[in-house]
Amino acid sequence: MALLNFKRKSAPGPSADMSAFLAGYSIEVMPRTAEKVDDFKTLLAPGTRVYIAHIEGTPIEDMVATAKRLADDGFPVMPHFPARIIKDDATLGDWIARYQGEAGVDQALLLAGGVTTPHGEFDSSMQLMETGLFDKAGFTRLHVAGHPEGNRDIDPDGGEANVMEALRWKQAFSERTDAQMALATQFAFEAKPIIAWVDALTAAGIDLPVHIGIAGPAKLQTLIKFAIACGVGPSLKVLQKRALDVTKLVLPYEPTDVLSELAAHKAANPGFGIEQVHFFPLGGIKTNARWAIENGGAGTRPVAAA
């Protein structure tokens, strides 16, 4: 009897929509997580923007050293400037000068920060922008925070009046200055609320490009913990529903579904306001970088094992 030869089916590659949507994605690190990476050049494509999260208590020296390391490796660096942990103009000016002088930084993410009580005179990203210090230092790009599911720190009643007022101010700031601006958002797990939020911004005359926050692959328990801590709203139910399914509880979460739906929507609506994807590597930067490349993200460099 003749032997039948069966070819093993190869796993389908990423769709063109997904590859286009993930092109130019950015990713976030902290100094303590960056220390665990031997060589970022084996993880990230050249030119990948790397945000450096500034958690309360992190010495500015550690932040600047991480920025310098990444910049020396050829990556555009965007450090966080959390308003509520910056005491005054002098401190802000010192941080800007350090980042610029030691790491050549010319872009920043400005946000209020997760501290309840301000350490000094700043309470919001708008106050940082009003100092004019970023403009004087020649910063060319300023990103600000976006909240697809609202922010109860800003709107305690669960509405969006204060958030929208702040976004209108930032829109006006972008129109009267030369700064390239974008909204870097909190992560969410469901596409439809994200799409509705972006469409609502457009309807309100806010055309700042959206860099949508997406949680990278991680254990389900880890994601739920971070989602609750970060105030993620309605889309948290996606994770909670998954947690009830015993067959999925032990499997790591991957953002395939939310990104596939957003990518398809962007392909069908080219003017849709999402410009790029920004990853929060809650399950580890190595795991996130590998997933991004395997799913069509820009870059062909080999990815080290996690």
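Residues numbered from 1 in each chain as written. Predicted model: local features only at pLDDT ≥ 70, side-chain atom pairs only at ≥ 80, totals over all residues. Heavy atoms only, no water.

Asker: Honestly, the sheet that holds strand β4 (residues 107-111) in this entry has me stumped. Any pointers?
Answerer: Whenever strands of a sheet pair, they do so through backbone hydrogen bonds, lying parallel or antiparallel. Spatial strand order, β1-β2-β3-β4-β5-β6-β7-β8: eight strands in a closed barrel with parallel pairing. Strand-to-strand twist across the sheet, computed as the mean angle between neighbouring axes with direction ignored, equals 30 degrees. Where strand β7 (residues 210-215) lies against strand β8 (residues 274-280), six bridges are found, and the strand directions are parallel. Looking at the pairing, A215 lines up with F280 of β8. In the packing of helix α12 (residues 256-268) onto the sheet, the strands contacted are β7 and β8, and the crossing angle to β8 comes to about 170 degrees. (Pairing = 2+ DSSP bridges. Helix = DSSP H or I, 4+ residues; strand = E, 2+ residues; numbered from the N terminus. Axes fitted to C-alpha atoms, helices over the stretch in contact; angles between N-to-C directions. Contact = heavy atoms within 4.5 Å.)

Asker: Help me understand the pattern of salt bridges, please; the structure alone is not making it clear to me.
Answerer: Side chains carrying opposite charge are able to pair once their charged atoms draw close together. One pass over the structure, following the stated rule, counts seven salt bridges. Note that E61 is salt-bridged to R98, the shortest N-O span being 3.2 Å. You can see E61 sitting in helix α3 (residues 60-72) and its partner R98 sitting in helix α4 (residues 89-103), a full 37 residues away along the chain. The salt bridge involving K192 is made with E261; its shortest N-O contact spans 3.0 Å. Highlighted residues: K192 in helix α8 (residues 191-203) and E261 in helix α12, separated in sequence by 69 residues. Exposure remark for K192: the relative accessible area of 57% places this residue in the exposed category. Put simply, D39, K41 and D73 are held in one network by salt bridges that share partners. (Salt bridge = Lys/Arg side-chain N within 4 Å of Asp/Glu carboxyl O. Buried < 20%, exposed > 50% of the residue type's maximum accessible area, 1.4 Å probe, protein only.)

Asker: Sorry if this is basic, but what is going on with the packing of α8 against α12 here?
Answerer: When two helices pack together, you describe them by how their axes are tilted relative to each other and by the distance separating the axes. One way to put it is that α8 packs onto α12 with a least axis distance of 9 Å and a crossing angle of 40 degrees. By the angle class used here, α8 and α12 are oblique. Between α8 and α12 lies a crossing of right-handed hand. Each of A191, K192, I194 and I195 in α8 lies in contact with α12, whose residues at this interface are V258, E261, L262 and H265. (Parallel < 35°, antiparallel > 145°, perpendicular 65-115°, else oblique. Left-handed = near helix turned anticlockwise from the far one by under 90°.)

Asker: Would you explain the pairing of strand β3 (residues 77-82) in this entry?
Answerer: Most of β3 is tucked away: six of the six residues are buried. Across three bridges, the pairing between β3 and β4 is parallel. Looking at β4, one finds that H80 is bridged to L109. Between β3 and its parallel partner β4, the chain crosses via α4, and the hand of that crossover is right-handed. (Right-handed = clockwise from strand over helix to strand, strands pointing away.)

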